[in-house]
Amino acid sequence: FQISSEQCANEPERMLPTLDHWDWMLFHPSRQHRRTTRCQFFKSNDPLSCQAAVQCQFAHVHTHKNTYESRASMPDSQALFNAYQLNFTTTLKQTDCTELQRTVLPSGKSGRSARWYTAALTCPVERIIYYAAGGNNAYTTQDGPDTVFWYPSDRDARSALSMVVLTAFRNRKIHCSWDAPRLVEDSIDHSHEQDDDCDAIFFPTNK
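Residues numbered from 1 in each chain as written. Predicted model: local features only at pLDDT ≥ 70, side-chain atom pairs only at ≥ 80, totals over all residues. Heavy atoms only, no water.

**A look at the overall build of the chain**
Then comes step 1: Per the secondary structure count, the chain includes three helices and nine strands.
Then comes step 2: In sequence order, the chain lays out its α and β elements as β-β-β-α-β-β-β-β-β-α-α-β.
Then comes step 3: Going through the 207 residues of the chain one by one, you find that 44% of them count as buried.
Then comes step 4: Sequence-distant contacts in the chain: of pairs separated by 6 or more residues, those separated by 24 or more amount to 64%. (Helix = DSSP H or I, 4+ residues; strand = E, 2+ residues; numbered from the N terminus. Buried < 20%, exposed > 50% of the residue type's maximum accessible area, 1.4 Å probe, protein only. Contact = heavy atoms within 4.5 Å.)

As structure tokens, this is what we get:
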């Protein structure tokens with residue numbers, strides 16, 4: 001794939017991947033029976049804006065108008081899962097959250113290859129697609145009409161994605177806490193988690 005050297009986070013020499021499809025989740029295998037274009041009736045903060053709702057063959061994509069900046073604190077790794085249990089009485093599964101990973105090779109003999117991550121969530125209840133944006137260590141490419149956010153680690157991508165979804169919940173005035181209450185956390189199955197990255201299991205890598 002191609003390489004972009006667009007300036008981001010004050011590092012103009014940073015080499016970033018570009019995608020064949022900037023709206024990449026619309027082309028994910030999980031959407032093989034749906035259209036690869038966005039619904040013109042859907043409004044981000046109103047799931048009922050499209051009368052077809054979850055049966056709509058077009059994509060309901062959350063578009064954020066906020067400017068997400070780097071910050072000292074980010075949502076707890078379980079905050080998004082807690083919010084889904086409290087708002088929808090459902091538990092997010094591995095297939096709901098998708099991580100996209102790309103490796104950029106150096107342009108010359110010098111330099112190292114760099115691995116980049118971005119992430120998206122397809123809401124299992126409302127079928128809304130959320131993309132990671134902003135947060136810490138975010139870099140951007142303009143691969144189409146919208147911006148794609150890339151991160152040097154999968155943890156940064158997941159945190160940014162959680163922030164976007166929880167902010168959308170806040171705008172809808174439903175549960176959006178960044179904390180992880182023990183009462184809810186205890187109801188989540190941690191039996192197959194990795195020791196060094198307790199939340200990695202929820203975001204399968206699409207290489």
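**Overview of helix H1 (residues 79-88)**
Then comes step 1: Burial of H1 is extensive: eight of the 10 residues sit out of reach of the surface.
Then comes step 2: For H1, every residue scored as buried is listed here: Ala79, Leu80, Phe81, Asn82, Ala83, Tyr84, Gln85 and Phe88.
Then comes step 3: The positive-phi residue at the C-terminal boundary of H1 is Thr89, with phi of around 50 degrees.

**With respect to the confidence of the model for the chain**
Then comes step 1: Per-residue pLDDT for the chain averages 77, and the proportion of residues at 70 or more is 72%.
Then comes step 2: Overall, residues 1-12 carries pLDDT values under 50, and its contacts beyond four positions in sequence, including any with other chains, amount to 33 contacts.
Then comes step 3: Low pLDDT (under 50) marks residues 183-207, which in the prediction has 57 contacts with non-local residues, meaning those over four places away or in another chain. (pLDDT = per-residue confidence, 0-100.)

**Here's the deal with the packing of H1 against helix H2 (residues 154-171)**
Then comes step 1: Contact geometry of H1 with H2 gives a least axis separation of 10 Å together with a crossing angle of 30 degrees. By the angle between their axes, H1 is roughly parallel relative to H2. Handedness of the crossing formed by H1 with H2: left-handed. Contacts between H1 and H2 involve Ala79, Leu80, Ala83, Tyr84, Asn87 and Phe88 from the first element and Ser162, Val165, Leu166 and Phe169 from the second.
Then comes step 2: Residue classes in the contact of H1 with H2 are distributed as eight nonpolar, two polar and no charged. (Axes fitted to C-alpha atoms, helices over the stretch in contact; angles between N-to-C directions. Parallel < 35°, antiparallel > 145°, perpendicular 65-115°, else oblique. Left-handed = near helix turned anticlockwise from the far one by under 90°. Nonpolar A, V, L, I, M, F, W, Y, C, P; charged D, E, K, R; others polar.)

**A look at the nonpolar core**
Buried together is how nonpolar side chains tend to be arranged in soluble globular proteins.
Then comes step 1: In this structure, Tyr84, Leu121, Tyr130, Val165 and Phe169 are the most contacted members of the largest nonpolar core, which totals 31 residues.
Then comes step 2: The set of elements that each furnish at least two residues to this core consists of H1, strand E5 (114-122), strand E6 (128-131) and H2.
Then comes step 3: Top contributing element to this core by residue count: H2, with eight residues.
Then comes step 4: Val165 has contacts with Leu80, Tyr84, Leu121 and Tyr130, leaving out every residue within four places of it along the chain.
Then comes step 5: Counting 16 residues, the second-largest nonpolar core is a separate cluster that includes Ala59, Val61, Leu100 and Tyr139. (Core = buried A, V, L, I, M, F, W, Y, C linked by side-chain atoms within 4.5 Å.)

**Structural notes on H2**
Then comes step 1: For H2, with 18 residues, the first-to-last C-alpha span of 26 Å sits near the 26 Å given by 1.5 Å per residue.
Then comes step 2: H2 sits mainly inside the fold: 14 of its 18 residues count as buried.
Then comes step 3: Backbone geometry just downstream of H2 places Lys173 in the positive-phi region, at approximately 65 degrees. (Expected span 1.5 Å × (residues − 1).)

**Quick word on the state of the cysteines**
Then comes step 1: The full count for this structure, using the stated rule, is zero disulfides.
Then comes step 2: Free cysteine Cys39: the closest other cysteine sulfur is in Cys50, separated by 3.8 Å.
Then comes step 3: By relative accessible area, Cys39 is classed as buried at 10%. (Disulfide = S-S within 2.5 Å.)

**Overview of the pairing of E6**
Then comes step 1: Here E6 shows no split at all, with Ile128 and Tyr130 on one side and Ile129 and Tyr131 on the other all buried.
Then comes step 2: Where strand E3 (residues 60-61) lies against E6, two bridges are found, and the strand directions are parallel. Residue pairing in the sheet places Val61 in a bridge with Ile129 of E6.
Then comes step 3: Here three bridges tie E5 to E6, and the two strands are oriented antiparallel to one another. (Pairing = 2+ DSSP bridges.)

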